[in-house]
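Structure at a glance
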Amino acid sequence: MRYSAFKILTQGLTGNKGWKPVWREPDPKPEYDIVIIGAGGHGLATAYYLAKEFGITNVAVVEKGWLGSGNIGRNTTIIRSNYMLPGNEPFYEFSMKLWENLEQDFNYNAMISQRSILNLIHSDAQRDAFIRRGNAMFLAGADAEYASAEQLRQELPFLDFDNARFPIKGGLYQRRGGTVRHDAVAWGYARGADSRGVDIIQNCEVTGFDIENGTCRGVETTRGPIRAKKVAVCVAGSSGRVMAKAGMRLPIESHVLQAFVTEGLKPVIPGVITFGAGHFYVSQSDKGGLVFGGDIDGYNTYAQRGNLPVVEDVAEGGMAIMPIIGRARLLRSWGGIMDMSMDGSPFIDKTDIGGLYFNGGWCYGGFKATPASGWCYAHLLAKDTPHPVATEMRLDRFKRGHIIDEKGQGNQPNLH
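Residues numbered from 1 in each chain as written. Predicted model: local features only at pLDDT ≥ 70, side-chain atom pairs only at ≥ 80, totals over all residues. Heavy atoms only, no water.

The protein has the name Sarcosine oxidase subunit beta in an unreviewed UniProt entry, where Roseovarius aestuarii is given as its organism. In UniProt, the protein has this text filed under Sequence similarities (unreviewed entry): "Belongs to the SoxB family." Comment text from UniProt for the protein, heading Subcellular location (unreviewed entry), reads "Cytoplasm". (UniProt positions renumbered as here; feature names shortened; annotations may be inferred.)

Have a look at this one:
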């Protein structure tokens, strides 16, 4: 069934009796061409593009919980491509272009709103660094715009421009950045993949891998064994635990990232704003709540909840750039498990085990990467060669000395 305004009208006039389930609830088959572990944004996008772009439909996506129960439904909904390094910027710009046509592509309302993202500048040295990043974005075909303090005073008068410690001296805009309804992305990809014959199997936890003579032949699950020519793992913060079942140790740590939303307020924040002297980012949802977040909790954990020191740090960041936020009541908070790599950049690669592939290490950037990650992972699975924009996202890059350290923090996952 194709969704449209006409379909809504006709269904409304006939009692809404013709709507069909968005996806099926199939039982797992004994064997597939490809089994994807993880029905989050990346896994579902991979299945969708395998079917749509490469014609591979004998695919199963297995999920230990319910569809979209992980980070795809727990992030702060931001999309952007304002990166600098050659290993990152072309990939994220590719993702941004896919975002711009995604709703028409999979025929689902994901509420994509390109309302802009603004990175605030607080020092002369930071201005130089942001101008350099903006030029790198231009070279990769992205958009960037420098905004002076005077311009921002006109556009965002509620910011604390004369803060003695963190004066606002300008900002770097990416006007095409913005927000997307996160769980709708999972639903849209699931619907598109299912309609093309992909089996999405919920409540099906992977308990082991069937590895024979160095080649992965399938997976063991709570719903029985499933054979596969290829097995593709993309489970975000659970990457270390899942890949350990195959005897692999990854250059990844798992940390919790907290997010927050306030009570509904009248429109005040037009886009996404980030604090340049700390880690704080904020936007306003369509319901009026301020959605914001900051740093990860510094310790390793698999819990989807965080602790109060980070709550305090995030609140301090918000108060530093916009004191008016202190009058808003916090409505709720939650956490997602981040797969933090050693250099802050992801992996889309084959492993040393034949037939076993890995997608992970997304740190803070997983949601914005969803379309490109799915497309590039599907390309790798279908052709056994990396997509041109993902050639640097290799598991062996630390051995080769080809790290992609966007923030220049070194090999400390908790700092990326």
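1. What about helix α10 (residues 370-383)?
The end-to-end C-alpha distance of α10, which contains 14 residues, comes to 20 Å, matching closely the 20 Å that a straight helix rising 1.5 Å per residue would cover. Among the 14 residues that make up α10, twelve are buried, leaving the element largely enclosed by the rest of the structure. Where α10 is concerned, the buried positions are T370, P371, A372, S373, G374, W375, C376, Y377, A378, H379, L380 and L381. Downstream of α10 by a residue or two, D384 has a phi angle that is positive, lying close to 60 degrees. (Helix = DSSP H or I, 4+ residues; strand = E, 2+ residues; numbered from the N terminus. Expected span 1.5 Å × (residues − 1). Buried < 20%, exposed > 50% of the residue type's maximum accessible area, 1.4 Å probe, protein only.)

2. Let's talk about the nonpolar core
Counting 54 residues, the largest nonpolar core has I36, L44, Y49, F91 and Y189 as its most contacted members. Among the secondary structure elements, those contributing two or more residues to this core are β1 (31-37), α2 (41-54), β2 (59-62), α3 (89-100), α4 (102-106), α7 (182-195) and α10. Ignoring sequence-local partners within four residues, the contact set of I36 consists of G43, T46, A47, L50, V59, A60, V61, V62, A232 and C234. In this structure, A60, V219, A246 and L250 belong to the second largest nonpolar core, which totals 27 residues. (Core = buried A, V, L, I, M, F, W, Y, C linked by side-chain atoms within 4.5 Å. Contact = heavy atoms within 4.5 Å.)

3. Looking at the sheet that holds strand β15 (residues 289-296)
In a beta sheet, neighbouring strands are held together by backbone hydrogen bonds and run either parallel or antiparallel to one another. Pairing within the open sheet is mixed, and its eight strands lie in the order β5-β6-β4-β13-β14-β15-β12-β16. The outermost strands of the open sheet, each flanked by one partner alone, are β5 (145-148) and β16 (330-341). Strand-to-strand twist in this sheet, taken as the mean axis angle between neighbours without regard to direction, amounts to 20 degrees. The pairing of strand β13 (residues 272-274) with strand β14 (residues 281-284) spans two bridges and is classified as antiparallel. (Pairing = 2+ DSSP bridges. Axes fitted to C-alpha atoms, helices over the stretch in contact; angles between N-to-C directions.)

4. Here's the deal with a nonpolar patch on the surface
Taken together, the side chains of M1, I8 and W19 define a hydrophobic patch exposed on the protein surface, amounting to about 300 Å² of accessible area. Mapped onto the elements, W19 comes out in the loop between α1 (5-13) and β1. (Patch = residues over 30% accessible without salt bridge, like charges linked within 9 Å, V, L, I, M, F, W, Y side chains within 5 Å. Areas by Shrake-Rupley, 256 points an atom, 1.4 Å probe, with all protein chains shown as cover. Salt bridge = Lys/Arg side-chain N within 4 Å of Asp/Glu carboxyl O.)

5. Brief notes about the UniProt feature "domain: Rhodanese" (unreviewed entry) in the protein
Sites flagged by UniProt as "domain: Rhodanese" (unreviewed entry) map to residues 34-78. End-to-end, the C-alpha atoms of residues 34-78 are 30 Å apart, and along that stretch the chain is 31% helix and 20% strand.

6. Describing the packing of α2 against α10
The N-to-C vectors of α2 and α10 enclose an angle of 55 degrees; their axes lie 7 Å apart at closest approach. When the axis of α2 is compared with that of α10, the two are oblique. The two elements α2 and α10 meet at a crossing, and its hand is right-handed. Across the interface between the two elements, G41, H42, A45, T46, Y49, L50, E53 and F54 of α2 pack against T370, P371, S373, G374, W375, Y377, A378, H379, L381, A382 and K383 of α10. Residues that form the contact of α2 with α10 fall into these classes: ten nonpolar, seven polar and two charged. (Parallel < 35°, antiparallel > 145°, perpendicular 65-115°, else oblique. Left-handed = near helix turned anticlockwise from the far one by under 90°. Nonpolar A, V, L, I, M, F, W, Y, C, P; charged D, E, K, R; others polar.)

7. Observations concerning α7
Between its first and last C-alpha atoms α7 spans 21 Å; for 14 residues at 1.5 Å apiece the expected length is 20 Å, and the two agree. Counting buried residues in α7 gives twelve out of 14 residues, a clear majority hidden from the surface. The set of residues buried in α7 consists of H182, D183, A184, V185, A186, G188, Y189, A190, R191, G192, A193 and D194. On its buried side, α7 packs onto α2, α3, α4, β8 (199-201) and α10. Just downstream of α7 lies G197, where phi reads positive at about 105 degrees.

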